[in-house]
Amino acid sequence: MAEDGLLTISAFARASRLSPKALRLYDDLGLLRPARVDPYNGYRFYARDQLERARLVAWLRRLGMPLSRIRTVCDLAPAEAAAEIAAYWAGVEADTAARRDLAAFLIDQLSGEDPAMTHETITGIRYAALSDTGLVREGNQDTAYADSRLLAVADGFGADGAAAGTAAIEALRTLENTPAPLPGDILNTLSEAVGRANRAVAERSTAEDSGTTLTAMLWTGSRLALVHVGDSRAYLLRDGGFFRITHDHTLVQSLVDEGRITPEEASAHPQRALLLRALDGRAGDASVPDVKLHDARPGDRYLLCSDGLYGVVTDAELRRVLATRGTPEEAVRDLIALAHEAGAPDNVSCVVADTVTAPGRHTGP
Ligand code: MG
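So, here is what we can say about the structure in this document. Please read these numbers as outputs of a predicted model, since none were measured by experiment.

## Here we look at the packing of helix α1 (residues 9–16) against helix α2 (residues 20–28)
Remark: α1 packs on α2, axes separated minimally by 9 Å, with the N-to-C direction vectors making an angle of 100°. Viewed along their axes, α1 and α2 adopt a mutual orientation that is roughly perpendicular. Here Ile9, Phe12 and Ala13 of α1 lie close against α2, whose contacting residues are Pro20, Leu23 and Arg24.

Given below as structure tokens:
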């Protein structure tokens, strides 16, 4: 111990269970400055009350958090630091989920297990889209869009929310004219398109704090590419199973992921509308979409919807309507009717799409 009660770097390293090498690195990076540096020999000395910060830095490094973000977290009050870590972790999990799907797709592809070759051939999609103001709001800031290649739902917010949603979907529509890209390229193509969508939102919405969610699927000719940012959702009805295939970018979803609240508590949480990611025209991580490839199968039915639907209609009801209505038109009409029965406090939008097949086209002599 030094004369002034400070710890030498090796004593501090033992106490904090970090290596002197790591402590020197943290100093160089500005994460943990020594309390005193000897002006003659450059030796570093640390105060005991720096142990807590040293341990926090080490734990955040183990989480894989980038150094710049660690610096931010270390300077926050505990409650704010907790929220920042939750936001970081929600992003990691979403990213991992997207990478897991890509890995599964690549494994399928490289092992020759292409569902399109072993089943009937999917020749396209049949679709319907409907957007409704609901029973309480004065205007409709949602947009629902569908054509033979693109399915999309956007839920605008702020004074220019409707323009933001329209601009985001228009930016994706520019992809319809490009030839179906290679599967490996489509993820980049989609990410770039969302970047353009975010810039379009910035140009089209002049009001502060305006923006939009965006959940969309692009039919590539053999697969569906899914792009998602915000809290609109995509669901899949397949072989009688009903799955949500998007992950909400909301504070409450991150609390659910951490096990701090249950999904039931999330649906009644006062901050359930708080988005962690959206297209709000600003650059940065908060507008980065989840992008993934999805193997469509014959018989699949997809639902894209805004929170105005799933916020008031239960999963069981969504599934029942999707499983029993013959055409996408009937399904979207009846889903919106269900939202109305529940009071439709928000704008309601949905897109329903079925894969269309040509039976036996792949078989031959
Ligand atoms: Mg909404």
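## What to know about the environment of alanine 79
You can see alanine 79 is positioned in helix α5 (residues 78–110). Considering only alpha carbons, one finds alanine 79 and alanine 94, 15 residues apart in sequence, at a separation of 23 Å.

## With respect to the coordination of the magnesium ion
Here the magnesium ion is held by the protein donor atoms Asp155 (OD), Asp307 (OD) and Asp346 (OD), which lie 2.1 to 2.3 Å from it. Sequence positions of the donors to the magnesium ion reduce to the motif D-x151-D-x38-D. Note that aspartate 307 is positioned in helix α11 (residues 307–310) and aspartate 346 in the loop between α13 (328–341) and β14 (348–358), a separation of 39 residues in sequence. By relative accessible area, which is 14% here, aspartate 346 ends up buried.

## Some words on unusual backbone geometry
Here arginine 17, not a glycine, exhibits a phi torsion of approximately 60°, which is positive. With respect to the helices and strands, arginine 17 occurs in the loop between α1 and α2. Arginine 17 sits in the exposed class, given a relative accessible area of 79%. One non-glycine residue, alanine 344, lies in the positive phi region at around 40°. Structurally, alanine 344 is set in the loop between α13 and β14.

What counts as what
The residue numbers shown here count from 1 along each chain, following its written sequence. Only residues with pLDDT of 70 or above have their local features reported here, since the model is predicted, and side-chain atom pairs are shown and tallied only from 80 upward, although totals for entire chains, interfaces and linings are computed over all residues. The side-chain values count all of the structure's non-hydrogen atoms but skip hydrogen atoms and water molecules. Axes here refer to lines fitted to C-alpha atoms; in helices the fit is confined to the stretch in contact. Angles between the N-to-C directions go from 0 to 180 degrees. Comment: elements are numbered from the N terminus, with helices defined as DSSP H or I runs of at least four residues and strands as E runs of at least two. Here the word oblique covers every angle except those under 35 degrees (roughly parallel), over 145 (roughly antiparallel) and from 65 to 115 (roughly perpendicular). Any two residues whose heavy atoms approach within 4.5 Å at even a single point are treated as in contact. Shown as donors are all N, O and S atoms within 2.8 Å of a metal ion, widened to 3.2 Å for Na, K and Ca; because water is not in the atom set, sites may appear incomplete. A 1.4 Å probe rolled over the protein chains alone gives each residue an accessible area, and that area as a share of the maximum for its type sets the label: buried under 20%, exposed over 50%, partly exposed in between.

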